[in-house]
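Chain and residue survey
Here are the chains, one letter per residue:
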Amino acid sequence: MKDLAHSDLPETRRISLPVEGMSCASCVAHVEKALAKVPGVTAVGVNLATGRAEVAGSPDPVALVHAVEEAGYEVPEAVLELGVEGMSCASCVAHVEEALKAVPGVAGVAVNLATERATVRFPQGAVAEAVLEEAVREAGYEPHRIAAGGEDRERAAREREMAALRRSVGIAAVLTLPVFALEMGSHLIPAVHVFVMDTIGMRASWLLQFVLATAVVFGPGWRFLRRGLPALRRGTPDMNSLVAVGALAAWGYSTVATFAPGALPPGTVNVYFEAAAVIVTLILLGRLLEARARGRTSEAIRRLAGLQGKAARVRRGEGVAEVPLADLRAGDVVEVRPGERVPVDGLVVEGASWVDESMISGEPVPVEKGVGAEVTGGTVNGAGAFAFRATRVGADTVLSRIIRMVEEAQGAKLPIQALVDRVTGVFVPVVMGLAALTFVIWLVWGPEPSLGFALVNAVAVLIIACPCAMGLATPTSIMVGTGRGAEMGVLFRRGEALQSLRDVEVVALDKTGTLTEGRPELTDLSPAPGFSPDEVLALVAAVEARSEHPIGAALARAAEAKGLRLGVVAGFEALPGFGVAATVDGRRVEVGADRYMARLGLDVAGFAAEAAALGAEARTPLYAAIDGRLAAVIAVADPIKATTPEAIRALHGMGLRVAMITGDNRATAEAVARRLGIDEVVPEVLPEGKVAAIRRLREGGRRVAFVGDGINDAPALAEADVGLAIGTGTDVAIESAEVVLMGGDLRGVVNAIALSRATIRNIRQNLFWAFAYNAALIPVAAGVLWPVNGTLLSPVLAAGAMALSSVFVLTNALRLRSVRPVRGGA
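Basis of the calculations
Residues numbered from 1 in each chain as written. Predicted model: local features only at pLDDT ≥ 70, side-chain atom pairs only at ≥ 80, totals over all residues. Heavy atoms only, no water. Helix = DSSP H or I, 4+ residues; strand = E, 2+ residues; numbered from the N terminus. Buried < 20%, exposed > 50% of the residue type's maximum accessible area, 1.4 Å probe, protein only. Contact = heavy atoms within 4.5 Å. Areas by Shrake-Rupley, 256 points an atom, 1.4 Å probe, with all protein chains shown as cover. Axes fitted to C-alpha atoms, helices over the stretch in contact; angles between N-to-C directions. Parallel < 35°, antiparallel > 145°, perpendicular 65-115°, else oblique. Left-handed = near helix turned anticlockwise from the far one by under 90°. Phe/Tyr/Trp six-rings, centres within 6.5 Å; stacked < 30°, edge-to-face > 60°. Patch = residues over 30% accessible without salt bridge, like charges linked within 9 Å, V, L, I, M, F, W, Y side chains within 5 Å. Salt bridge = Lys/Arg side-chain N within 4 Å of Asp/Glu carboxyl O. Lys, Arg positive; Asp, Glu negative; His and termini not counted. Charge placed at Lys NZ, Arg CZ, Asp CG, Glu CD. Core = buried A, V, L, I, M, F, W, Y, C linked by side-chain atoms within 4.5 Å. Pairing = 2+ DSSP bridges. UniProt positions renumbered as here; feature names shortened; annotations may be inferred. Expected span 1.5 Å × (residues − 1). Polar contact = N/O pair within 3.5 Å; in protein donor to acceptor, adjacent residues only side chain to side chain.

Here's the deal with the overall build of the protein
The number of helices and strands found in the protein is 30 helices and 29 strands. A buried classification covers 55% of the 826 residues belonging to the protein. Pairs at least 24 residues apart make up 69% of the contacts formed inside the protein by residues separated by at least 6 positions. Total accessible area computed for the protein in this model is approximately 34300 Å², and 58% of it derives from carbon and sulfur atoms.

Next comes the structure, spelled out in structure tokens:
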């Protein structure tokens, strides 16, 4: 076996796999040994520094991944997005998914009809992108890669498709109108029939209809034949197959009647050229209307992308140069003039202004920005001017992350979609079987001319049953719902949260930073005998200044306001859930909750009355011990956010119970709960106890949503049925949540739940329409009403009704754009 660490790869197939979990040379040896055993491998080289395995030969990539995993290491998963052109219905989606899943190494596939994208998951290096593209091509569709600037490319592709559809509809309509007038006019208006017979005659009329209908079917209608007939040959018929078979059946029968009438039974020589032409024209019109509506469903993404600037003025040397956004680097100093859009994220280093951040927070009130303040790319500067140092550029900016979140959510498949997938997987073959059965029944038992009746009714069944509406019912609602959410400051990081949030019964709220401002202030300090207030505050503030806890910051601010000198701190230690301790100018200082004092062996009973009074006022009592003696009880209060009471009232109005999870003692927690009308309180919870608290709230099968903002909220956000992170919180919390509320306003929770309910309700309406429409009209198309009242559904009417059903579903989804946020925004 040739070692790639010391030689070049031979000119055979090369496969590069990232390997996670390696930490030393023996790990490298294990991986190399495991890979070398895979059949077809001729050379292996594993690099610990790069974390990659380079393999030569002709092995099965999936076998390589399995070998790495069996050796105890991991190959990370890659996610690839492919654009797929040519899909038109739910069965198209199923065919593309099946084709991609059949590629060895693919771990998961999700295809979205509304976005015309396929998201494929596979171990990195195990599947070549070209192989996936070829699988899509063999399924009868056209793939294209989505790269940087993909939004512009996709928009251009959509515009080309719209232009082609407009052209096709125009040509088809011009050619179909005379056919429809000649044939249907003759049937409906006796004077037209007489005029046609007296001027050009029936034979010439049929020949003219043949020429025009042929031009329609094999011109604008070629798109159906080109995709539908190969799909039929492969045994995977789709909507295009139904249209192709229906139009060709009507055209073919009419052509035989025109040129070889003797081949048909007596009394069955009729032409249906108008059916073939009108079917193609109406379905093309439906496609055009669908394309227009689909374009509107993705407007939120386009609007967000439009917030990104194209260039920035950057200080270079002694001057200022305008550079493209792509060339901007972290650390560059960027100048922003009045009224301009902030190009990327950064920190203000010079100047001051007011910035409109409504695109991020949903709040219309501009925010003051001075030196040291954070600014976000895409926000709009007011009347001032400032310079800032870029901290996040390119794909790392908040706006880029928002766009990425929305795109991922829009491409998601909800659990409700599983029902649609199961039905549409067998729907088209079943419809073709029903059409064949309809043909046979009418041919055998129908009135004369039975062959004509059999053909017309079979074609009507094929056309009426096209499952376009089924395929669009869920993804279009998701696209519009998540897009509207982004505009309201509610980001669904995972599309599944759209469904699970609707079923939530309890909303659990972290207190600090969620219900409150997260910026507590010192309100009381009662020293024990022998200690002075300023002495205690100076010592406590010195210790707390080292703490990252908001209470520490409040005490430090209070000491600073009094002008107290803070001593030299040594040996600082933080005990999560208890308190902090350090030595200040040689004196031992310990600060924390009553449980910390108990742990130190100090009795706080002497401060019981003060603590009870403070707790009743929703102030958190803390204790300070100096040199092993209880020195003072200290109270801090974190102001309730002004919008919190309104948000809790709105949650109650939605029929939800509200719970609060907090580290405060029971008295303080219950005081806050009484003031806000909170239903359940889980007090005295240590950071690691929040997960257990969520589990307790879940008892009885209740579904729980948890809202938090801090690092210590991340496990609880992940544990809850739905985690909602306050966007002003930490990145760790945001990454652990399914929903991100871009502002710090708790009303965003109300907006998220309202949007979830509206979206799922909209999806159910769409699915009901799609399924009920097919269930009701397929029997009508087959002719079940004929024995009752002589009603038959013309293929022309079937084509119009089919197109109308898709347009209805799309229009209904677009109603979600009218969902209004709770007053004040998200």
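Past the structure itself, the notes keep going.
Some remarks on the packing of helix H3 (residues 90-101) against helix H4 (residues 129-138)
Geometrically, a packed helix pair is captured by the angle between its two axes and the distance between the axes. At a closest axis distance of 9 Å, the pairing of H3 and H4 adopts a crossing angle of 140°. On the basis of their axis angle, the class for H3 and H4 is oblique. Where H3 crosses over H4, the handedness of that crossing is right-handed. For the pair formed by H3 and H4, the contact residues are Val96, Ala99 and Leu100 on the first element and Leu132, Ala135 and Val136 on the second.

Section: unusual backbone geometry
Phi is positive for Asp585, close to 50°, though the residue is something other than glycine. With respect to the secondary-structure elements, Asp585 resides in the loop between strand E21 (579-584) and strand E22 (587-592). Owing to a relative accessible area of 44%, Asp585 belongs among the partly exposed residues under this scheme. With phi around 55°, Glu684 is a residue other than glycine that occupies positive phi space. Here Glu684 lies in the loop between strand E26 (680-682) and helix H25 (690-697). On the accessibility criterion, Glu684 (44% relative accessible area) is partly exposed.

Observations regarding the packing of aromatic side chains
Using the criterion set out here, one finds 10 aromatic pairs in the structure. Judged by centre distance (5.9 Å) and plane angle (70°), the ring pair of Trp442 and Trp786 falls under edge-to-face. Highlighted residues: Trp442 in helix H14 (residues 417-445) and Trp786 in helix H29 (residues 786-789), separated in sequence by 344 residues. Taking relative accessible area as the criterion, Trp442 reaches 7% and is therefore assigned buried. Under the relative-accessibility criterion, Trp786 is labelled partly exposed at 31%. Residues Phe607 and Tyr623 carry aromatic rings whose centres are separated by 6.5 Å and whose planes lie at 50° to one another, so their mutual orientation is tilted. Here Tyr623 lies in strand E23 (residues 620-626) and Phe607 lies in the loop between helix H21 (594-600) and helix H22 (608-616), a separation of 16 residues in the sequence.

Thoughts on a negative patch on the surface
Where like charges cluster on the molecular surface, the negative patch consists of Glu20, Glu69, Glu70 and Glu74. Tracing the backbone shows Glu20 in the loop between strand E2 (13-18) and helix H1 (25-36).

So, the nonpolar core
Leu35, Leu132 and Leu724 are the most contacted members of the largest nonpolar core, which has 158 residues in total. If one sorts the elements of this core by residue count, helix H28 (residues 747-782) sits on top with 15 residues. Beyond its immediate chain neighbours, meaning those up to four positions away, Leu724 contacts Leu501, Ala705, Phe706, Val707, Gly708, Leu717, Ala737, Val739, Leu741, Val749 and Ala752. One finds Ala542, Ala559, Ala581 and Leu602 within the second-largest nonpolar core, a separate group that totals 41 residues.

So, the pattern of salt bridges
Tallied over the full model, the rule gives 27 salt bridges. A salt bridge links Arg313 to Glu340; the shortest N-O distance between them is 2.5 Å. With a gap of 27 residues between them, Arg313 in strand E9 (residues 311-316) and Glu340 in the loop between strand E11 (333-336) and strand E12 (345-356) connect regions that are remote in the sequence. By relative accessible area, which is 13% here, Arg313 ends up buried. Given the relative accessible area of 24%, Glu340 is considered partly exposed. Each of the salt bridges in this network shares a partner with another, and the network as a whole consists of Arg695, Arg698, Glu719 and Asp721.

Observations regarding the pairing of strand E16 (residues 385-392)
Pairing of E11 with E16, which is carried by 4 bridges, proceeds in the antiparallel orientation. Bridged to Val333 within E16 is Arg389. Both E12 and E16 contribute to a ladder of 7 bridges, which runs antiparallel. Looking at E16, one finds that Asp345 is bridged to Arg392.

As for the sheet that holds E26
An order of E17-E29-E28-E27-E18-E25-E26 is seen for the 7 strands of this open sheet, with the pairing classed as mixed. Every other strand in the sheet has two partners, leaving strand E17 (490-492) and E26 as the edge strands with one partner each. Strand-to-strand twist across the sheet, computed as the mean angle between neighbouring axes with direction ignored, equals 20°. Pairing of strand E18 (residues 506-510) with strand E25 (residues 657-661) involves 5 bridges; the strand directions are parallel. Bridging across to E25, Leu509 finds its partner in Met660. Taken strand by strand, H25 contacts E18, E25, E26 and strand E27 (704-708), and its axis lies near 155° from that of E25. The sheet strands contacting H28 are E17, E18, E27, strand E28 (722-726) and strand E29 (739-741), and the helix crosses E17 at an angle near 50°.

Focus: the UniProt feature "transmembrane region" (unreviewed entry) in the protein
As annotated by UniProt and renumbered to match this structure, "transmembrane region" (unreviewed entry) occupies residues 168-192, 204-222, 242-264, 270-289, 423-445, 451-474, 767-786 and 792-814. Across residues 204-222, the secondary structure splits into 79% helix and 0% strand, with the terminal C-alpha atoms separated by 26 Å. Helix makes up 85% of residues 270-289 and strand 0%, and the two end C-alpha atoms of the span are 33 Å apart.

Details of helix H7 (residues 201-217)
The terminal C-alpha atoms of H7 lie 24 Å apart, and with 17 residues this matches the ideal 24 Å at 1.5 Å per residue to within 8%. All of the buried residues along H7 are Gly201, Ser205, Trp206, Gln209, Phe210, Leu212, Ala213, Val216 and Val217.

Focus: the environment of Ser756
One can find Ser756 in helix H28. C-alpha of Ser756 to C-alpha of Ala497: the two residues are 259 residues apart in sequence and 8.0 Å apart in space. Contact partners of Ser756, with chain neighbours within four places excluded, come to Ala497, Leu498, Gln499, Leu501 and Arg502. In terms of polar contacts, Ser756 uses its side chain to reach the backbone carbonyl oxygen of Leu498, at 2.4 Å.

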